[in-house]
Amino acid sequence: MKRTTLSLIACATALAAVTGFAAVSAPDDSGPDTAAPAARLPVERTSLLCPAPSTSDLAETAYTSFTPVTKGADEKGSAALVAAEPAGATDDGKDGKDEEDGKDEKEEKPVVQPKAPGTPVGGKTTGADAPALIGTAEGKSAPGWTVQQTTEVAAGTGRGLQGVNCTAPDTEFWFPGASTATGRTDYVHLTNPDDSAAVVDIELYGKDGALKSTVGEGVTVPPHGSESLLLSTLSDVKQTDLTVHVGVRSGRLGAAVQALDDKTGGDWLTAAADPASDLVMPGIPKDATAVRLVLFTPGGTDADLKVRLASPSGLITPAGHETVHVKAGMTTGVDLGEVTRGEAGSLVLTPTDRSVPVVAAVRVVRGKGDEQESAFIPASEPVGARATAADNRAKHTTLALSAPDGAAKVRVTASAGTEGGTPAIKTYTLKAGTTQNVDAPVPAGLKGSYALTVETVSGGPVHASRTLTGSDDDVASFTVQTLPDDRGTVSVPNADEDLSVLQK
């Protein structure tokens, strides 16, 4: 018996709840009654949010936009990144408006003007006035759209290289690895892409549990606006390791934590993967001089985890750190030292017994003395079908690929450069339980920066990250971005599949 058109319409309604959505049409009721597998269609609309990059007058920020070519995407499409309203801006619609010519600042040329799929484009800002950005891509520009924000700060708190992938809006975020310790200045950045205000609660969890505070309750982020809150104003308790939880009561938003250190520079801490019992933090730099693991379990049950490092030769257990115990509702920090010992590595956590959901991240330090720099690697979802890292630079990019569960084959495509170059492709085979810093392809005749797109060809799940180092080889400045699935396609059930449960 054929399923009704109503079933497919109900499914399409459910798809509208995700960030990207695909068009669905009613099936043809003629023909044989045979079931077909669900089709994957390119998303038709994507939103990305970039936090305000820096409060330093010495900051120089580069934005790089890239959309990979996606089979079946619309022939037409566009993308735009516009400035969000900063905290305290008036809402009378007159800010930045010239009464004589009727032009609004938002109508000026954007910082980044995305191009057609397959071609990256860059833009730059300087100083402390660069705003948060709200981006929307449609049609052929939407599937897999990636925007990288990279900031270089020459001196002061947070000096060094700070990088972040602009993120899709969501309703819940976990940030293990934040801090209110002396010498740290951490901010949580919130950006609202929608026409109505978003209301959020910000909770902090330290080594003894939740920190008492009412300041983080019911924070309002105005429509198309951004807010930045200093964590030390939410609680006066000094904590080396904090987990920040951002929960949205109404609306949706983008969130990221900017962690600045007086001695070891700073970087962006992006949201960790959803709480899970098995976690991977891919691509710890091989020359890391200090690695600190921070964990939190949001449930009411303690977690016991096995700690292993996926090295080039296989899974190994760090001496003295075979397991870690995480008390329920409390943040746990563990110093792993120079755990990679000069080799590529990814941290792999698995339960020793029962499965308990956990969130985790590592803080990584490179360099010594006055030339130290820090970055963060949160637990990340696998590459899946495809993932992209933009703003790669010749001789300053390291791509780490990890196959913690089973052998896998991946294809890596280097796009053309922002100012010229010919794309290049390489395929790699990964052994089970290993991490490899691969010799990633570079566009021939490269001019400018380029994008790397990673696709899983076969085998088990692959986790990946990209490390970008600063232009000064004598300084340890760097930033790391993980490469989770870009969710450029969505699964659309065939009309013959049993969707009757949606009709009840």
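For the structure, check the block above.
Fair warning: this is a prediction, and the values are worked out from it, not measured in the lab. (Residues numbered from 1 in each chain as written. Predicted model: local features only at pLDDT ≥ 70, side-chain atom pairs only at ≥ 80, totals over all residues. Heavy atoms only, no water.)

Visitor: I would appreciate a short explanation of the overall build of the chain in the present structure.
Guide: A tally of helices and strands in the chain yields one helix and 37 strands. The burial tally for the chain puts 49% of its 504 residues in the buried class. For the chain, restricting intrachain contacts to residue pairs at least 6 apart in sequence, the fraction spanning at least 24 positions comes to 81%. As displayed, the chain offers around 22200 Å² of accessible surface, 49% of which is attributable to carbon and sulfur atoms. (Helix = DSSP H or I, 4+ residues; strand = E, 2+ residues; numbered from the N terminus. Buried < 20%, exposed > 50% of the residue type's maximum accessible area, 1.4 Å probe, protein only. Contact = heavy atoms within 4.5 Å. Areas by Shrake-Rupley, 256 points an atom, 1.4 Å probe, with all protein chains shown as cover.)

Visitor: Explain the pattern of salt bridges to me, please; I cannot follow it from the model alone.
Guide: Any two side chains of opposite charge can pair, given that their charged atoms come close. The full count for this structure, using the stated rule, is 14 salt bridges. Note that Lys 207 is salt-bridged to Asp 208, the shortest N-O span being 3.0 Å. Asp 208 gets classed as exposed once you look at its relative accessible area, which sits at 61%. Here Asp 335 ties to Arg 292 by a salt bridge, and the two come within 3.0 Å at their closest N and O atoms. Separated by 43 residues along the polypeptide, Asp 335 in strand S23 (residues 331–337) and Arg 292 in strand S19 (residues 288–296) bring together distant segments of the chain. Each of Glu 152, Asp 391 and Arg 393 takes part in one network of salt bridges that share partners. (Salt bridge = Lys/Arg side-chain N within 4 Å of Asp/Glu carboxyl O.)

Visitor: Looking at this structure, how should I read the pairing of strand S5 (residues 121–126)?
Guide: Along any regular strand the residues' side chains alternate between the sheet's two faces. A one-sided burial pattern is seen for S5, the buried positions being Val 121, Gly 123 and Thr 125 and the unburied ones Gly 122, Lys 124 and Thr 126. Summarising the sheet, strand S3 (residues 59–66) and S5 pair through six bridges and their orientation is antiparallel. Residue pairing across strands places Ala 62 opposite Lys 124, the latter belonging to S5. (Pairing = 2+ DSSP bridges.)

Visitor: Hey, could you run me through the sheet that holds S23 in this one?
Guide: Reading across from one edge, S23-S19-S25-S26 is the order of the four strands in this open sheet, with antiparallel pairing throughout. Both outer strands of the open sheet, S23 and strand S26 (373–378), are each paired with one neighbouring strand and no more. Each neighbouring strand pair of the sheet contributes to a mean axis angle of 20 degrees, computed without reference to strand direction. Relative to S26, strand S25 (residues 359–366) is paired through six bridges, and the arrangement is antiparallel. Within the sheet, the bridge partner assigned to Val 365 lies in S26 and is Ser 374. (Axes fitted to C-alpha atoms, helices over the stretch in contact; angles between N-to-C directions.)

Visitor: Hey, could you run me through empty space enclosed by the protein in this one?
Guide: Where empty space is left becomes clear once a probe the size of a water molecule has been rolled over the atoms. For the coordinates displayed, the defined rule picks out one cavity of 30 Å³ or more. What the largest cavity holds in volume is close to 70 Å³. For the largest cavity, the full set of lining residues is Leu 49, Cys 50, Pro 51, Val 164, Asn 165, Cys 166, Thr 167, His 189, Thr 191, Gly 254, Ala 255 and Ala 256. Elements with a minimum of two residues in the lining of the largest cavity: strand S2 (45–50), strand S8 (160–165), strand S10 (184–191) and strand S16 (254–261). Residue contributions to the lining of the largest cavity peak at three residues, all from S16. Among the residues forming the lining of the largest cavity, the class breakdown is seven nonpolar, five polar and no charged. (1 Å grid on protein atoms, 1.4 Å probe; cavity = no way out; pocket = protein on both sides within 12 Å on 5 of 7 lines; lining within 4 Å. Points joined across faces, edges and corners; volume = space filled by probe spheres on them. Nonpolar A, V, L, I, M, F, W, Y, C, P; charged D, E, K, R; others polar.)

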